[in-house]
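Observations on chain architecture
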Amino acid sequence: MNDTPYLAYLTQHLSPGRLQHSLGVMDVMDALAPIYGLDPAAAHLAGLAHDAGKELPLKRMLEIAQAVNFPLATPCDQDPLYLHGPCSAYVAQHEMGIADPLALEAIFRHSYVGDGAPRSPVFCWCLRFADMLEPGRDWEAARNHLRPIIFAGRLGQAAHEMMAWLIPFLESVGATPHPAQRALQRKLADLFANGKNGVPNDQLPV
Ligand SMILES: [Fe+2]
Ligand SMILES: [Fe+2]
């Protein structure tokens with residue numbers, strides 16, 4: 001795949017650190033695609049573009065939210081920490097020309113927002129994990145714990161353990177967990193805690 005036009009866009013719109021992070025997430029998506037049967041080109045682009053809108057000013061993010069009918073229902077929905085998923089999907093589609101619906105859905109939902117059943121829970125979770133596993137990130141202990149579970153195909157168990165880690169982590173850095181994250185944590189704990197059997201990867205809550 002020729003990444004040049006996408007890289008040109010991101011180089012213009014992201015800081016060097018975030019571009020580096022995006023390339024790291026792209027590499028992890030390349031590695032996860034064959035394990036989880038993802039379309040390799042879509043996985044690659046989703047990793048590369050997943051934070052394409054993260055550095056937009058809040059005013060522009062709120063305009064995009066309105067344009068895509070994203071409901072700003074809770075204070076968290078107006079926080080770039082959560083709003084940047086929908087905004088990045090918008091930028092990926094309208095400014096970078098990415099059309100794959102599963103890639104766009106995963107980008108939209110990687111910040112833990114979005115209603116209804118996703119078309120591909122597997123793609124969505126892979127992108128969240130790639131975002132977390134890329135080697136530039138700080139949380140080395142959590143990454144080292146989750147990586148083998150994720151690479152063994154145990155996406156639901158990894159999702160359960162990740163949410164059990166993520167919510168206290170967000171609180172520890174002064175961020176407010178999104179209500180959807182708390183609901184998701186409860187659902188996954190019901191399915192996977194204490195050695196429960198869970199559900200197949202393609203039925204995971206997102
Ligand atoms: Fe992100
Ligand atoms: Fe990211």
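The written sequence of each chain sets the order in which its residues are numbered from 1. Each chain takes a letter, starting from A, and each ligand takes a number, starting from 1, following the order in which they are written. Totals for whole chains, interfaces and linings use every residue, but because this is a predicted model, local features are given only for residues with pLDDT of at least 70 and side-chain atom pairs only at 80 or more, for both listing and counting. Note that the side-chain values use all heavy atoms of the structure and ignore hydrogens as well as water.

A word on the overall build of the protein
Here is the rule: Helix and strand assignments follow DSSP, with helices taken as H or I runs no shorter than four residues and strands as E runs no shorter than two, numbered in order from the N terminus. Throughout, radius of gyration means the C-alpha value; the globule benchmark is 2.2 Å times the number of residues raised to the power 0.38. Classification of residues uses two cut-offs on accessible area relative to the type maximum, computed with a 1.4 Å probe and protein chains only: under 20% is buried, over 50% is exposed, and between them is partly exposed. The criterion used for residue contact is that any of the two residues' heavy atoms lie within 4.5 Å. In this description, accessible areas are obtained by the Shrake-Rupley approach with a 1.4 Å probe, and a residue is regarded as covered only by the protein chains that are shown.
A count of helical and extended segments in the protein gives 10 helices and zero strands. Shown N-terminal to C-terminal, the secondary structure of the protein runs as helices and strands in the order α-α-α-α-α-α-α-α-α-α. Against the 2.2 N^0.38 benchmark of 17 Å for 206 residues, the protein shows a C-alpha radius of gyration of 16 Å, consistent with a compact globule. When its C-alpha atoms are laid out on the principal axes, the protein stretches across 45 × 40 × 30 Å. The buried share of the protein, reckoned over its 206 residues, is 49%. Partitioning the intrachain contacts of the protein with sequence separation of at least 6 by distance along the chain shows that 58% fall at a separation of at least 24. On the protein, roughly 9500 Å² of surface is accessible, and the fraction owed to carbon and sulfur atoms is 54%.

Structural notes on the coordination of the iron ion (ligand 1)
By definition of the ideal shapes, a tetrahedral metal site with four donors has angles of 109.5 degrees and an octahedral site with six donors has angles of 90 or 180 degrees. How we decide: Only nitrogen, oxygen and sulfur atoms qualify as donors, provided they sit within 2.8 Å of the metal or within 3.2 Å for Na, K and Ca; with water excluded from the atoms, sites may seem incomplete.
Protein coordination at the iron ion (ligand 1) comes from Asp51 (OD), His84 (NE2) and His110 (NE2), with a distance range of 2.1 Å. Sequence spacing of the donor residues for the iron ion (ligand 1), all on one chain, is D-x32-H-x25-H. Metal-to-metal, the separation of the iron ion (ligand 1) and the iron ion (ligand 2) is 3.4 Å; aspartate 51 coordinates the two. Of this pair, aspartate 51 sits in the loop between helix H3 (40-49) and helix H4 (58-67) while histidine 110 sits in the loop between helix H6 (101-109) and helix H7 (121-133); the two residues are 59 residues apart in sequence, bridging distant segments of the chain. No difference in accessibility class separates aspartate 51 from histidine 110, as the two residues are buried.

Focus: the coordination of the iron ion (ligand 2)
For the record, the criterion: A site with four donors is called tetrahedral when every donor-metal-donor angle falls between 85 and 135 degrees; four donors are called square planar, and six octahedral, when opposite donors sit more than 155 degrees apart and all other angles fall between 65 and 115; any other arrangement is irregular.
For the iron ion (ligand 2), the full set of protein donor atoms is His21 (NE2), His50 (NE2), Asp51 (OD) and Asp131 (OD), and the range of their distances to it is 2.1 to 2.3 Å. Geometry at the iron ion (ligand 2) is irregular, judged from its four donor atoms and the angles of 81 to 177° they form at the metal. One chain supplies every donor to the iron ion (ligand 2), and in sequence these donors are spaced H-x28-H-D-x79-D.

Topic: the nonpolar core
Inside soluble globular proteins, nonpolar side chains tend to come together where they are buried. Note the threshold: Among buried residues, those of type Ala, Val, Leu, Ile, Met, Phe, Trp, Tyr and Cys that are joined through side-chain atoms within 4.5 Å constitute a nonpolar core.
Counting residues in each nonpolar core, the largest one holds 67 residues, and the members touching the most others are Leu38, Met96, Phe123 and Trp125. At 10 residues, the largest contribution of residues to this core is made by H7. Once you skip the residues sitting within four places of it in the chain, tryptophan 125 turns out to touch Tyr112, Leu155, Ala159, Met163, Leu184, Leu188, Leu204, Pro205 and Val206.

Let's talk about the environment of alanine 193
Tracing the sequence through the fold places alanine 193 in the segment after helix H10 (179-192). You can call alanine 193 buried: its relative accessible area is 14%. Not counting chain neighbours up to four residues away, the residues in contact with alanine 193 comprise His160 and Leu188.

A short note on H3
The element H3 is largely enclosed, with a buried count of eight among its 10 residues. Of the residues making up H3, those classed as buried are Ala42, Ala43, His44, Leu45, Ala46, Gly47, Leu48 and Ala49. For H3, the elements touching its buried residues are helix H1 (4-13), helix H2 (16-36), helix H5 (80-94), H6 and H7.

Considering unusual backbone geometry
For tyrosine 112, which is not glycine, the phi dihedral falls at a positive 70°. Among the structural elements, tyrosine 112 can be located in the loop between H6 and H7. Non-glycine residue asparagine 194 carries a positive phi angle of around 55°. For asparagine 194, the location among the structural elements is in the segment after H10.

Observations concerning the side chain of serine 120
Within the secondary structure, serine 120 sits in the loop between H6 and H7. In contact with serine 120, not counting residues within four places along its chain, are Leu102 and Glu105.

Considerations on the state of the cysteines
Spelled out, the test is: Note on terminology: disulfide denotes any pair of cysteine sulfur atoms within 2.5 Å.
For the structure on display, the rule yields zero disulfides. Cysteine 87 takes part in no disulfide bond, and the closest cysteine sulfur to it belongs to cysteine 76, at a distance of 15 Å. For cysteine 87, a relative accessible area of 0% corresponds to the buried category.

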